[in-house]
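Tertiary structure, described
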Amino acid sequence: MLALPTGVEIHRQSVRIWFLYKGKRCREVLKSWNITPSNIKKAGNMRARIVSDIQLGTFDYLTYFPESKTAKSFQNDKEHRHIQ
């Protein structure tokens, strides 16, 4: 059994990462990533960069996951704050 980095999961036949953003647990499937040791390591590195960006305040959800429904919901929150 392959040891998975923190925040990396196997979901069905895909690699998935999870992280906390604005108090919510976010999960994103890395759709075209096959389940290989190399891709699992890359997913762990990607998650580490995301967590770092969140801590630095530079995380842009749509940059990492442009097709994500979750990313779009956070973008809508951002737009609503500017309107008020």
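Check the entry above for the structure.
Calculation notes
- Residues numbered from 1 in each chain as written.
- Predicted model: local features only at pLDDT ≥ 70, side-chain atom pairs only at ≥ 80, totals over all residues.
- Heavy atoms only, no water.
- Helix = DSSP H or I, 4+ residues; strand = E, 2+ residues; numbered from the N terminus.
- Buried < 20%, exposed > 50% of the residue type's maximum accessible area, 1.4 Å probe, protein only.
- Lys, Arg positive; Asp, Glu negative; His and termini not counted.
- Salt bridge = Lys/Arg side-chain N within 4 Å of Asp/Glu carboxyl O.
- Contact = heavy atoms within 4.5 Å.
- Expected span 1.5 Å × (residues − 1).
- 1 Å grid on protein atoms, 1.4 Å probe; cavity = no way out; pocket = protein on both sides within 12 Å on 5 of 7 lines; lining within 4 Å.
- Points joined across faces, edges and corners; volume = space filled by probe spheres on them.
- Nonpolar A, V, L, I, M, F, W, Y, C, P; charged D, E, K, R; others polar.

1. A few points about the side chain of Arg-47
- In this structure, Arg-47 sits in helix H1 (residues 37–56).
- Buried within the structure, Arg-47 lacks any salt-bridge partner; Glu-9 is the closest side chain of opposite charge, at an N-O distance of 8.7 Å.
- Apart from residues lying up to four places away in sequence, Arg-47 is in contact with Thr-6, Gly-7, Ile-17, Trp-18 and Phe-19.

2. Overview of H1
- Here H1 is 20 residues long and its end C-alpha atoms lie 29 Å apart, about the 28 Å a rise of 1.5 Å per residue gives.
- Buried within H1 we find Asn-39, Ile-40, Ala-43, Gly-44, Met-46, Arg-47, Ile-50 and Asp-53.
- Buried positions along H1 lie against strand S1 (8–11), strand S2 (14–21), strand S3 (24–30) and helix H2 (61–64).

3. Considering the environment of Leu-20
- The residue Leu-20 is located in strand S2 in this model.
- A sequence separation of 13 residues divides Leu-20 from Gly-7, and the C-alpha atoms of the two residues are 9.8 Å apart.
- Residue contacts for Leu-20: discarding those within four places in its chain leaves Arg-25 and Ile-54.

4. A look at the environment of Ala-48
- Along the chain, the position of Ala-48 falls in helix H1.
- Residue Ala-48 is classed as partly exposed on the basis of its relative accessible area of 46%.
- Residues Ala-48 and Phe-19, spaced 29 residues apart in sequence, show a C-alpha to C-alpha distance of 9.3 Å.

5. Concerning the layout of surface pockets
- A volume near 290 Å³ is recorded for the largest pocket.
- Along the wall of the largest pocket there are 15 residues; nearest its centre are Glu-28, Val-29, Lys-31, Phe-65 and Ser-68.
- Elements that contribute at least two residues to the lining of the largest pocket include exactly S3 and helix H3 (69–83).
- The dominant element in the lining of the largest pocket, judged by the number of residues it contributes, is S3, at four residues.
- For the lining of the largest pocket, the class distribution of residues is seven nonpolar, three polar and five charged.

6. Digging into the pattern of salt bridges
- By the definition in use, this model includes two salt bridges.
- The salt bridge involving Glu-9 is made with Arg-16; its shortest N-O contact spans 2.8 Å.
- Glu-9 sits in the buried class, given a relative accessible area of 17%.
- Since its relative accessible area comes to 15%, Arg-16 is described here as buried.
- For Glu-9, the salt bridge goes to Arg-25, with nearest N and O atoms at 3.3 Å. With Glu-9 in strand S1 and Arg-25 in strand S3, this pair connects stretches of sequence that are 16 residues apart.
- Put simply, Glu-9, Arg-16 and Arg-25 are held in one network by salt bridges that share partners.

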